[in-house]
Amino acid sequence: MSRSQNEEFQQWWNKQRNRDNQNDDESSFLTVEIRTPENVDRDKDRIRTRTIRQLSRLYLLKLKQLASSFLWIFHSFLHLLRTANRRIANDNPPSSTSSARLYRLIKAFLVLVVLLLCFELAAYFKGWHFTPPSVASAEAAVEVAYAWWLEIRASYLAPPLQSLTNVCIVLFLIQSVDRLVLVLGCFWIKLRRIKPVAAMEYPVKPVGEGVRLEDYPMVLVQIPMCNEKEVYQQSIGAVCMLDWPKERMLIQILDDSSELDVQVLIKAEVQKWQQRGIRIVYRHRLIRTGYKAGNLKAAMNCEYVKDYEFVAIFDADFQPPAEFLKKTVPHFKGRDDLALVQTRWAFVNKDENLLTRLQNINLSFHFEVEQQVNGVFINFFGFNGTAGVWRIKALEDCGGWLERTTVEDMDIAVRAHLCGWKFIYLNDVKCLCELPESYEAYKKQQYRWHSGPMQLFRLCFMDILRSKVSVGKKANMIFLFFLLRKLILPFYSFTLFCVILPLTMFFPEANLPSWVVCYIPGIMSILNIIPAPRSFPFIVPYLLFENTMSVTKFGAMISGLFKFGSSYEWVVTKKLGRSSEADLIAYAESGSLVDSTSIQRSSSDSGLTELSKLGSAKKAGKTKRNRLYRTELALAFILLAASVRSLLSAQGIHFYFLLFQGLTFVIVGLDLIGEQVS
């Protein structure tokens, strides 16, 4: 190729290349290149990795929390098992009396209920609850057995159960009407402002300022006690502070203590008040028979008692106000037929725990409604054993204190009423006292309070019929005072809610209406709680706890009615001395206490010595523990099993009642109500 041709070709080639470059620039201008940066991909990977790591940590945290919850539940369950095992090991089995018999019957009932529940569960999962098999159409052996069971249950078992249910419902309605009448009577008293009025009043000013000593009758004050080292000081101190002429009052400290240390301490306390000029004597029986009744009977046999006209009685934990005698004794003036003036109890530890709150509801109704209504309308009620003033002539007229029952206070009140004597109740005069704070102490107290009346009913039934009082008073004493309020109430409470109700779940042909299970008991609980309005938040625990206590009251009632040995056992209700601190503060504020420097040292050394011995004995003594109550636990399992059966039948009210009542029995059976001791 020549040079000229080569140049031409070069020029042409350059033109073509320039044209291609221009086309490329235009295409590059029109085309958008989308390219993901590398750092964005790295961020996505990093975010994805971080999210996975966070989720892993979150799930690990959730798993850890779940494991901790399960571990806590497991440890709590183990702790509950250890507590139950320890309480079973330390618990004494029921004695070979009514308690043991009742426990054996309840265990047999529990076995029956568990077998019935297993049978019903199998039938439910087979679908036989929806299409019940008949004997003719049944094929499998289990199906035939269930068909036979349905026929036997409907034809032979349900009718007598329904009859017993109807009887208990009638008794329940009668008792509810009685409770309603009492409440209406209390409303009438409040509306009309009816209250006993004394024929005279003692002046507040002390004797010697225009007041004659002869205007004050001779009064004997008695404080029976037995091994009550926690409360003896407060009761002796309160009684010694009574506003009454010293020359017209004698205080008897009736000590039945079996512990030598306690005897010496009480003697030292008595000597201390003697040195202050108080007429007070100490008495200790060598032969301790008859419990409290024997103690009071021995004290009334003293020669000097004939010089006194009235006797005031206080238990060891009671603290009467200073004006107690001035508010009670004037009611005897001009009323020769008046035997007793009873005052109200007030409780220093009513807010200590749930148990004391529930007790306060019961006792507030007893004093505000029962005692007040009976005192106003029929002039008769049961003597409460303390915080009352008796005319000594009335005590002698009806035979004095008898040792035949464990309710000597009710015994002497019944005999005095049959002799024509009348009673007065003062609702506005209150004596401080202490409620049992442990379930063990409360249960023993209730057992004695419900077995004793049945003993007394057996012993005095013929005396009531032969007495000279009117037919109306005889009917009131037999049907209302004894049968309805002492026998029928614990009978239907236990039978209806702890026996019949669970059985009706397994025998659906026998019907227990919802208004009997829920509505009427709820209304009655509201009526019971009216005298203690601050306790309204505890209305549901009160209803459930009263049903729980029905097993103890029923056993006590049966024990007293059929003369079982445990009905004659007297156990002193354990006191903790809660009221001592409040009492001392009140004395300090009022300036009533004498300066301790005025006390001579004639008995202080021995008292301090014995006090130190007592303190060392306390430390070396046996550790107190909570108990396990097998009867209540057996009933808890019965009610919970019945609640499962009611759930299968979709019975809402019955299910919830049985569930919560069963849980209440569990709480009480494990001694988780009241005072807890480690």
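Rules used in this analysis
- Residues numbered from 1 in each chain as written.
- Predicted model: local features only at pLDDT ≥ 70, side-chain atom pairs only at ≥ 80, totals over all residues.
- Heavy atoms only, no water.
- UniProt positions renumbered as here; feature names shortened; annotations may be inferred.
- Helix = DSSP H or I, 4+ residues; strand = E, 2+ residues; numbered from the N terminus.
- Buried < 20%, exposed > 50% of the residue type's maximum accessible area, 1.4 Å probe, protein only.
- Contact = heavy atoms within 4.5 Å.
- Areas by Shrake-Rupley, 256 points an atom, 1.4 Å probe, with all protein chains shown as cover.
- Salt bridge = Lys/Arg side-chain N within 4 Å of Asp/Glu carboxyl O.
- Core = buried A, V, L, I, M, F, W, Y, C linked by side-chain atoms within 4.5 Å.
- Pairing = 2+ DSSP bridges.
- Axes fitted to C-alpha atoms, helices over the stretch in contact; angles between N-to-C directions.
- Expected span 1.5 Å × (residues − 1).
- Phe/Tyr/Trp six-rings, centres within 6.5 Å; stacked < 30°, edge-to-face > 60°.
- Lys NZ or Arg CZ within 6 Å of the ring centre and 35° of its normal.
- Polar contact = N/O pair within 3.5 Å; in protein donor to acceptor, adjacent residues only side chain to side chain.
- Right-handed = clockwise from strand over helix to strand, strands pointing away.

- The chain appears in an unreviewed UniProt entry as Glycosyltransferase 2-like domain-containing protein from Eruca vesicaria subsp. sativa.
- What UniProt records for the chain under Sequence similarities (unreviewed entry) is the sentence "Belongs to the glycosyltransferase 2 family. Plant cellulose synthase-like C subfamily."
- A UniProt comment under Subcellular location (unreviewed entry) is attached to the chain, and it reads "Golgi apparatus membrane".

1. Some thoughts on the overall build of the chain
- Helix and strand content of the chain: 19 helices and 7 strands.
- The 678 residues of the chain split such that 48% are buried.
- For the chain, the share of sequence-separated contacts (at least 6 apart) that also reach a separation of at least 24 residues comes to 82%.
- Accessible surface, the chain: about 35,000 Å² in total, of which carbon and sulfur atoms supply 60%.

2. Overview of the pattern of salt bridges
- For the structure on display, the rule yields 26 salt bridges.
- Note that D411 and R404 form a salt bridge whose closest N and O atoms lie 3.0 Å from each other.
- Judged by its relative accessible area of 0%, D411 falls in the buried class.
- Overall, the relative accessible area of 26% leaves R404 in the partly exposed class.
- One salt bridge connects R415 with D411, and the closest N-O pair in it is separated by 2.9 Å. Residue R415 and its partner D411 are both found in helix α11 (residues 408-418); the two are separated by 4 residues, about one turn of the helix. D411 carries the same exposure label as R415, and that label is buried.
- Linked by salt bridges that have partners in common, E120, R153, E509 and R645 make up one network.

3. Topic: the side chain of Q372
- Here Q372 lies in helix α9 (residues 354-377).
- You can call Q372 buried: its relative accessible area is 9%.
- Excluding residues within four positions of it along the chain, Q372 makes contact with C186, I189, K190, F367, Y425 and N427.

4. Here's the deal with the UniProt feature "transmembrane region" (unreviewed entry) in the chain
- In the numbering adopted here, UniProt assigns the feature "transmembrane region" (unreviewed entry) to residues 105-125, 164-189, 487-506, 628-647 and 653-673.
- Helix makes up 90% of residues 628-647 and strand 0%, and the two end C-alpha atoms of the span are 29 Å apart.
- The annotated region residues 653-673 carries 81% helix and 0% strand content, and the separation between its end C-alpha atoms amounts to 25 Å.

5. Quick notes on the nonpolar core
- Core analysis: the biggest nonpolar cluster contains 89 residues, and W390, V414 and F482 have the highest contact counts within it.
- At 7 residues, strand β7 (residues 422-433) tops the list of elements feeding residues into this core.
- L110, L150, C168 and L503 belong to the second largest nonpolar core, which has 49 residues in total.

6. Some thoughts on unusual backbone geometry
- Its identity as a non-glycine residue notwithstanding, R193 has a phi of 55°, on the positive side.
- You can see R193 is positioned in the loop between α4 (141-192) and β1 (219-225).
- The phi angle at A387 is positive, at roughly 60°, despite the residue not being glycine.
- When its relative accessible area of 0% is taken as the criterion, A387 is described as buried.

7. What about the pairing of strand β4 (residues 310-313)?
- Side chains F310 and A312 of β4 all project onto a buried face; the interleaved residues V311 and I313 project onto the opposite face, where all are buried too.
- Sheet topology places β1 next to β4; 4 bridges connect them, and they run parallel. Among the inter-strand pairings, V219 is bridged to a residue of β4, identified as F310.
- When β4 meets strand β6 (residues 388-391), the two strands line up antiparallel, connected through 4 bridges. From the neighbouring strand, F310 faces β6, where its bridge partner is R391.

8. Brief notes about the sheet that holds strand β2 (residues 249-255)
- Taken in spatial order, the 7 strands line up as β3-β2-β1-β4-β6-β5-β7 in an open sheet, and their pairing is mixed. Two strands lie at the open edges of the sheet, namely β3 (280-284) and β7, each paired on one side alone. For this sheet, the mean inter-axis angle between neighbouring strands, taken without regard to orientation, is 20°.
- Two elements, β2 and β3, share 5 bridges in a ladder whose sense is parallel. Note on β3: the bridge partner recorded for D255 is H284.

9. Description of helix α19 (residues 652-669)
- Over its 18 residues, α19 runs 25 Å from end to end, which matches the ideal 26 Å to within 8%, given 1.5 Å per residue.
- Three or more residues of α19 are buried, namely H654, F655, F657, L658, Q661, G662, T664, F665, V668 and G669.
- Once α19 ends, the next one or two residues include D671, with phi positive near 60°.

10. Quick word on the environment of I529
- Assignment of secondary structure puts I529 in helix α14 (residues 514-529).
- When the C-alpha atoms of I529 and L358 are compared, they prove to be 9.6 Å apart, with 171 residues separating the residues in sequence.
- Setting aside its immediate chain neighbours within four residues, I529 contacts I361, S535, F536, F538 and I539.

11. Remarks on the packing of aromatic side chains
- In total, this model carries 28 aromatic pairs according to the counting rule given.
- A centroid spacing of 5.3 Å and a plane angle of 45° characterise the contact between F172 and Y492, whose relative ring orientation is tilted. On the criterion of sequence distance, the pair formed by F172 in helix α4 and Y492 in helix α13 (residues 471-506) is long-range, its members being 320 residues apart.
- Between W390 and F423, the ring centres sit 5.9 Å apart and the planes meet at 75°, which makes this aromatic pair edge-to-face. Residue W390 is found in strand β6, and its partner F423 is found in strand β7; the two are separated by 33 residues along the sequence.
- The ring of W273 has R276 lying over it, and the distance from NZ or CZ to the ring centre is 4.2 Å.
- Lying across the ring of F481, K486 places its NZ or CZ 4.3 Å from the centre.

12. Looking at the side chain of S646
- Inspection of the secondary structure assignment puts S646 in helix α18 (residues 630-648).
- Its relative accessible area of 0% is what places S646 among the buried residues.
- Side-chain polar atoms of S646 contact the backbone oxygen of S643, separated by 2.7 Å.
- Non-local contacts of S646, meaning those with residues more than four positions away in its chain, are made with M505, Q651, H654, F655 and L658.

13. Describing the pairing of β1
- Across the 7 residues of β1, 7 count as buried, placing the element largely inside the fold.
- Judged by which residues are buried, β1 turns out to be covered on both faces: V219, V221, I223 and M225 on one side and L220, Q222 and P224 on the other are all buried.
- Across 7 bridges, the pairing between β1 and β2 is parallel. Across the sheet, M225 pairs through a bridge with D255, a residue of β2.
- For the crossover from β1 across helix α5 (residues 232-240) to β2, the handedness is right-handed.

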